[in-house]
Structures are given as structure tokens and as C-alpha cells.
Amino acid sequence: MIAPYYSDDAVTIYCGDCREVLPSIGDPHVDVVVTDPPYGIGLDYASYDDTIESWRDLMRWIVTWCRLHAEMAIFPACQIKELPFIYHEIPPDWLIAWYKGSPGHCAYVGFNDWEPHLVYGRRKDIHMHDYFHTSTAVSYKGHPCPKPTAWARWLISRASHPSDLILDPFMGSGTTLRAAKDLGRRAIGIDIDEGYCRLAVGRMAQGTLSFGRTL
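All of these numbers come straight from a predicted model, not from anything done at the bench. Within each chain, residues carry numbers counting from 1 in the order of the written sequence. Residue-level local features of this predicted model are given only where pLDDT is at least 70; pairs of side-chain atoms are given and counted only at 80 or more, and the full residue set underlies all totals for whole chains, interfaces and linings. The side-chain quantities take in all heavy atoms of the structure and omit both hydrogens and water.

*Asks:* Outline the confidence of the model for the protein, supporting the account with residue identities and numerical values.
*Replies:* Think of pLDDT as the predictor's per-residue confidence, scored from 0 to 100. Residues of the protein with pLDDT of at least 70 account for 87%, and the chain-wide mean is 88. Counted against residues more than four places away or in other chains, residues 210–215, with its pLDDT under 50, gives 14 contacts. Residues are treated as being in contact if the distance between any of their heavy atoms lies within 4.5 Å.

*Asks:* Which residues make up the packing of aromatic side chains, and what are the values?
*Replies:* Two aromatic rings from Phe, Tyr or Trp, using only the six-membered ring of Trp, form a pair when their centres are within 6.5 Å; if the ring planes differ by under 30 degrees the pair is stacked, by over 60 it is edge-to-face, and anything between is tilted. Within this structure, the stated rule accounts for 6 aromatic pairs. Put simply, the rings of Trp 98, Phe 132, Trp 151 and Trp 154 touch in pairs and so form one group of aromatic residues. The ring centre of Trp 151 lies 5.7 Å from the NZ or CZ of Lys 147, which sits over that ring. Definition used: whenever NZ (Lys) or CZ (Arg) falls within 6 Å of the ring centre and also within 35 degrees of the ring normal, the charge is taken to sit over that ring.

*Asks:* Account for the pattern of salt bridges, with residues named and values stated.
*Replies:* Salt bridge, as used here, is a side-chain nitrogen of Lys or Arg placed within 4 Å of a carboxyl oxygen of Asp or Glu. Overall, the coordinates contain 11 salt bridges when judged by the stated rule. Where Arg 60 meets Asp 57, a salt bridge forms, and the shortest distance between an N and an O atom there is 3.1 Å. Of this pair, Arg 60 and Asp 57 both sit in helix α2 (residues 52–69), 3 residues apart, roughly one helical turn. You can call Arg 60 partly exposed: its relative accessible area is 31%. Think of it in three bands: residues with accessible area under 20% of the maximum for their type are buried, residues over 50% are exposed, and the middle band is partly exposed, with areas taken using a 1.4 Å probe on protein chains only. Residue Asp 57 is classed as partly exposed on the basis of its relative accessible area, which comes to 43%. Helix and strand assignments come from DSSP, with helices taken as H or I runs of at least 4 residues and strands as E runs of at least 2, each series counted from the N terminus.

*Asks:* Let's hear about the layout of surface pockets: which residues, and what values?
*Replies:* Every definition here rests on a 1 Å grid over the protein atoms only: cavities are sets of points where a 1.4 Å probe fits but cannot get out, pockets are open sets enclosed by protein on both sides within 12 Å along at least five of seven lines, and lining residues have some atom within 4 Å of a point. Grid points are joined across faces, edges and corners, and a volume is the space filled by probe spheres set on the points. Taken as a whole, the largest pocket spans an internal volume of roughly 370 Å³. Within the residue set of the lining of the largest pocket, elements represented by two or more residues are α1 (18–24), α5 (175–182) and β9 (186–191). Throughout this entry, Asp, Glu, Lys and Arg are counted as charged residues, while Ala, Val, Leu, Ile, Met, Phe, Trp, Tyr, Cys and Pro are counted as nonpolar. The remaining residues, Gly among them, count as polar. Counted by class, the lining of the largest pocket contains 15 nonpolar, 7 polar and 6 charged residues.

*Asks:* So, the sheet that holds strand β2 (residues 11–15): which residues are in play, and what are the values?
*Replies:* Pairing is mixed in the open sheet, where 9 strands are placed in the order β1-β2-β9-β8-β3-β4-β6-β5-β7. A strand with exactly one partner marks an edge of an open sheet, and here the two such strands are β1 (6–7) and β7 (131–133). Alignment of β2 against β9, held across 5 bridges, turns out to be parallel. Note on β9: the bridge partner recorded for Ile 13 is Gly 189. When DSSP locates at least two bridges between a pair of strands, those strands are taken to pair.

Below, the structure is given as C-alpha cells:
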């Protein structure tokens, strides 16, 4: 069994590959997975080769795991051109659109102001929209592709209850865990890189943040 890298009253962090960590800790049943997997676009991660082949292998594994052990799982669809692969091999039950906001000028053809999110599973006691808009501002650096805390906060607040357990198997700098902790949820985070685990631990020591309303 893999020992936690960090643990407090709300959050537990493991350092390792989620494909090894989750079976080691007993494949816990979680209520909601909110995560941002690598995108397969060659980003400079410290401990991961970000190729499209690696991404496809990760997606096949994590979607299979989520269908067995999570009530609901939500994560970005990677590159939109990979939607044929997704619908052929790991079709979602639903899509949610994250509208990031227009930059205020016409962009090059092929750039989207929105990003599709894949949803696996259903929760009969949860009601949520298939569209949301949050700030894209990132207040915490140290990772090549961080998500805004407001992004994680919206998804967690809509898809879960205060007593729920949230999982982020591709934790990065801990954005999902920080949002879960601020919302009073329990959370498990996993990352293969110890440097990112250290960043996440540092964020867990911060005081609870307050936020304005998001759509």
C-alpha cells in the first residue's frame, strides 16, 4: 500500500502514477472526479512525456476506473480534434461547455473561446447546467498548464454535496484540492511528480478563500 505524501482533516495527497496509486489504496469509491489530465500536446511536464499516445493510454485507463468507482467524473476533452477517438473508445454520457470569454477580437480560425468537458456517470440528486463561465485568471504558478481555482470551484459546487469525496488523479499544483477544501469537501489528490506534490501541500496550508458568484 502506498503511504500518503500528505494528509490533513480534509485532504490526502499521494505521490505516484494514479494507475498504481488507486489500486494500492483499495480503489476507493468517490463521489465526483474533477481533474485536468495532460493534453498530449507536448507540454513540458517535469515527470511525464506529454505525447498523444500517452494521453490516450491515460484516458482509456482513467475512464474505465471512473465508471467502476465514481458516481460522476468531469474533465476537459483535450484537443477538440481528439473527439473522434473519445467517442469511438470512451464515449461520455454528457458534455459541459466551459466558456472562457472572448479576447475581444477575432481570433485565428481554429481557436475556441469555449472548451468541452466530458462527463461520465450521472447523479440523480444533482441538478446542474451544461454551460458555465468563470474567470480564466490563474493566481498560482509553478505548473505548465494550471487551471483557475474558479473553474474547479464551479464544477465541485454544482456536482457534489458538502459530505462528498472529490478525487483529482492528475492533481498538478492542487487547484481542485484547494477548491474542494474551501467548499468544505473531502478530497484525494494524486500526482506523479513530487515537485507538484510539494506545491499542492503548500496550497493546502493557505487559509480558506472566499469567492464571488460565478454563472
